[in-house]
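Fold and contact review
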Amino acid sequence: MRSRPLMTLRLSTAPTQNIGAGPRGTRLTFPITGGAFEGDRLRGKVLPGGADWVVKRPDGVLELDLRITLETDDGALIHMTFEGIRDDRASGAPYFRTLPRFETAEAKYSFLNRLLAVGTGEISAAGPVHVIEEIL
Amino acid sequence: MDTRLLMMLQVAVAGPQRFGAGPHGTRITAPITDGHFEGPRLRGRVLPGGGDWTILRGDGVLELDLRVTLGTDDGALIHMTSFGLRHGPPEVIAAIARGESVDPSTYYFRTTPRFETGDPRYAFLNRLLAVSSGDRRAAGPIYTIDEIL
């Protein structure tokens, strides 16, 4: 499958809200307080107020469900969501992959409405970092 | 991004159910009656009863929302869903609508399948994300599904 870089997204998070054991697993919410994104075609900051609504499944895999708002350096707002999985027990390296989707009304960035993407995540000292590629 | 082939999936669709213009766009549901899949680690049949619940958005992009049950040749059931997007030049989309075979490189048809199973032989499917490239043929789409490594 061919892909090309879309952006690197760095998030800062507030303390985790541990909701506890629910019907689908252990629910953990990671509030997102800010961040930055940068790529060839867009760059800007992450607005506070989003979060990743995570469920830890009984098989140990974390199901990710993120919603955030991106604001580009030229003033466009982009609604971003992803589903994803994080499997820290995967053989070899941890498996931390996401499927970001975007919505915007800004014509300059409307290409984001028409693409699918894949993110590779890691947890750095400063917070989660996602390297996101457009699926060509 | 590194990927490897998970399977080729071909489904047969019955007559589309056209709901007309709704609040999110023009809704068309394509029932899936049959199909088969084959890859290095799994193969089998698509059970009847699934479908692709599509929405043609105002910007001309077709949003895909597929749900099917896969039955492997050794008796496991796998729940599969996939979200996808399909769009392209108007003349290409019109040719697909007429049932013509179109070079799939001339339009964008990508999906992101997810899998769930309770069968331990296929539990690896619960722990991966995938991307697929579609080829819309008159009888139904053919998806080349790659595991994201």
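Look above for the structure.
We now turn to the structure provided with this report. Just so it is clear, the model here is predicted, and its values are computed rather than measured. (Residues numbered from 1 in each chain as written. Chains lettered and ligands numbered in written order. Predicted model: local features only at pLDDT ≥ 70, side-chain atom pairs only at ≥ 80, totals over all residues. Heavy atoms only, no water.)

1. Section: the pairing of strand β3 (residues 25–38) of chain A
A regular strand carries its side chains on alternate faces of the sheet. Residues and elements named next belong to chain A. Here six bridges tie strand β1 (residues 3–13) to β3, and the two strands are oriented antiparallel to one another. Counterpart to Thr-13 in the pairing with β3 is Ile-32. Here five bridges tie strand β2 (residues 17–22) to β3, and the two strands are oriented antiparallel to one another. Residue pairing for β3: Asn-18 is matched across the bridge by Leu-28. Remark: two residues form the turn of the hairpin made by β2 and β3, two consecutive strands paired antiparallel. Relative to strand β5 (residues 50–56), β3 is paired through seven bridges, and the arrangement is antiparallel. Each residue of the ladder has a partner; that of Thr-26, found in β5, is Lys-56. Sheet analysis places β3 next to strand β4 (residues 43–46), joined by four bridges and oriented antiparallel. Across the sheet, Gly-35 pairs through a bridge with Val-46, a residue of β4. What sits between the antiparallel neighbours β3 and β4 is a turn of four residues. (Pairing = 2+ DSSP bridges. Helix = DSSP H or I, 4+ residues; strand = E, 2+ residues; numbered from the N terminus.)

2. A short note on the environment of Leu-77 of chain A
Take Leu-77 of chain A: it is sitting in strand β7 (residues 77–87). Sequence separation between Leu-77 of chain A and Thr-26 of chain A is 51 residues; the distance between their C-alpha atoms is 32 Å.

3. Concerning the nonpolar core
The nonpolar side chains of a soluble globular protein tend to be buried, and buried together. In terms of nonpolar packing, the biggest core is built from 69 residues, with Leu-9, Leu-70 and Phe-102 of chain A together with Leu-70 and Phe-115 of chain B touching the most fellow members. Not counting residues up to four positions away in its chain, the partners in contact with Leu-9 of chain A are Ala-36, Phe-37, Val-46, Ile-68, Leu-70, Met-80, Pro-128, Val-129, His-130 and Ile-132 of chain A. (Core = buried A, V, L, I, M, F, W, Y, C linked by side-chain atoms within 4.5 Å. Buried < 20%, exposed > 50% of the residue type's maximum accessible area, 1.4 Å probe, protein only. Contact = heavy atoms within 4.5 Å.)

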